Amino acid sequence: MGSDSDRLVALLRGSSRILLFTGAGVSTASGIPDFRGPQGVWTRRRPVYYDDFMRSEAARIEHWDFKLEGWAAYRDAQPNAVHRSAVTLHRAGKLLAVVTQNIDGLHARAGLPRDRLVELHGTNSEIECQSCGRRSDPQPHFESFARTRRLPVCACGGFLKPATISFGQQLREADLGRAADAAAACDLVVALGSTFSVYPAAEFPLTAARRGAPYVIINRGATEHDGLPAVTLRFEGDVVEIFPPAVAAACD
Ligand SMILES: [Zn+2]
């Protein structure tokens, strides 16, 4: 019988199809604010719903204005030790997938290949055309919008929007399918920095655990999965302090 830390290292070492599920607690370590927290942006901004964005130019301007306000923080944010640990597990041949609720794009920026990454709520690191689906770099669009206050438009004429899932917008079927596939096939699931308050995202780690995969939760503060019989190990504390050393020990 070792400590919980030893047990985590042993689980990581003994697994070859690990599913990592990451939430806001991983982003905050990179300086990204928690939108749902008490200081969150939704305490002073009213969200623009997707149907309104598609219908109303005023709503599109409101949404671009909101996204412009946060853009510099997202653009300049750097991956932290948890993002790098996911890449370490991938290079060791142990990672099945990262399924993230985060929209900061930092898993990709840390070097995780796209085919290992499911960004359930989309990403702020790309702009997406709502007609043709073409993706592009946000920086020129934000510069243009800040200067002219005119909405950027795709070459096809479609509306451009940061590639995050808006309020009232469906999650992408392909992403939901890939997350479900990972939950069905993993041999270990580790949830990092999530309280599991947002569905359907929160279902995926639980689906894996109920199938019999060991389920490890690392979070500072209570989560909605605490106390469930499917939970194998529960660490209370900072994901950046707890997870990377365990990965380093398991992969050396
Ligand atoms: Zn287009």
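Here, the structure is the one placed above.
Residues numbered from 1 in each chain as written. Predicted model: local features only at pLDDT ≥ 70, side-chain atom pairs only at ≥ 80, totals over all residues. Heavy atoms only, no water.

Chemist: In this structure, what is going on with the coordination of the zinc ion? I would like to understand it.
Modeler: Surrounding the zinc ion are the protein donor atoms Cys129 (SG), Cys132 (SG), Cys154 (SG) and Cys156 (SG), which sit 2.3 Å from the metal. In primary sequence terms, the donor set of the zinc ion follows C-x2-C-x21-C-x1-C. One end of the pair, Cys129, is in strand E4 (residues 122-129); the other, Cys154, is in the loop between helix H7 (138-148) and strand E6 (160-164), with 25 residues separating them in the sequence. For the residue pair Cys129 and Cys154, the accessibility class agrees, reading buried in each case. (Donors = N, O, S within 2.8 Å, 3.2 Å for Na, K, Ca; no water. Helix = DSSP H or I, 4+ residues; strand = E, 2+ residues; numbered from the N terminus. Buried < 20%, exposed > 50% of the residue type's maximum accessible area, 1.4 Å probe, protein only.)

Chemist: Mind showing me how you'd approach the environment of Ala184 here?
Modeler: Tracing the sequence through the fold places Ala184 in helix H8 (residues 173-185). Residue Ala184 is classed as partly exposed on the basis of its relative accessible area of 47%.

Chemist: Whenever I open this one, the pairing of strand E1 (residues 18-22) confuses me. Can you help?
Modeler: Each regular strand displays side chains that alternate between the two surfaces of the sheet. The buried count for E1 comes to five of five residues, which makes it a mostly enclosed element. In E1, alternate side chains face the same way, and those of Ile18, Leu20 and Thr22 on one face and Leu19 and Phe21 on the other are all buried. One ladder, built from five bridges, connects E1 with strand E2 (residues 95-100); its direction is parallel. Following the sheet pairing, Leu19 is matched in E2 by Ala97. Both E1 and strand E7 (residues 188-192) contribute to a ladder of five bridges, which runs parallel. For Leu20, the partnering residue across the bridge sits in E7 and is Val190. (Pairing = 2+ DSSP bridges.)

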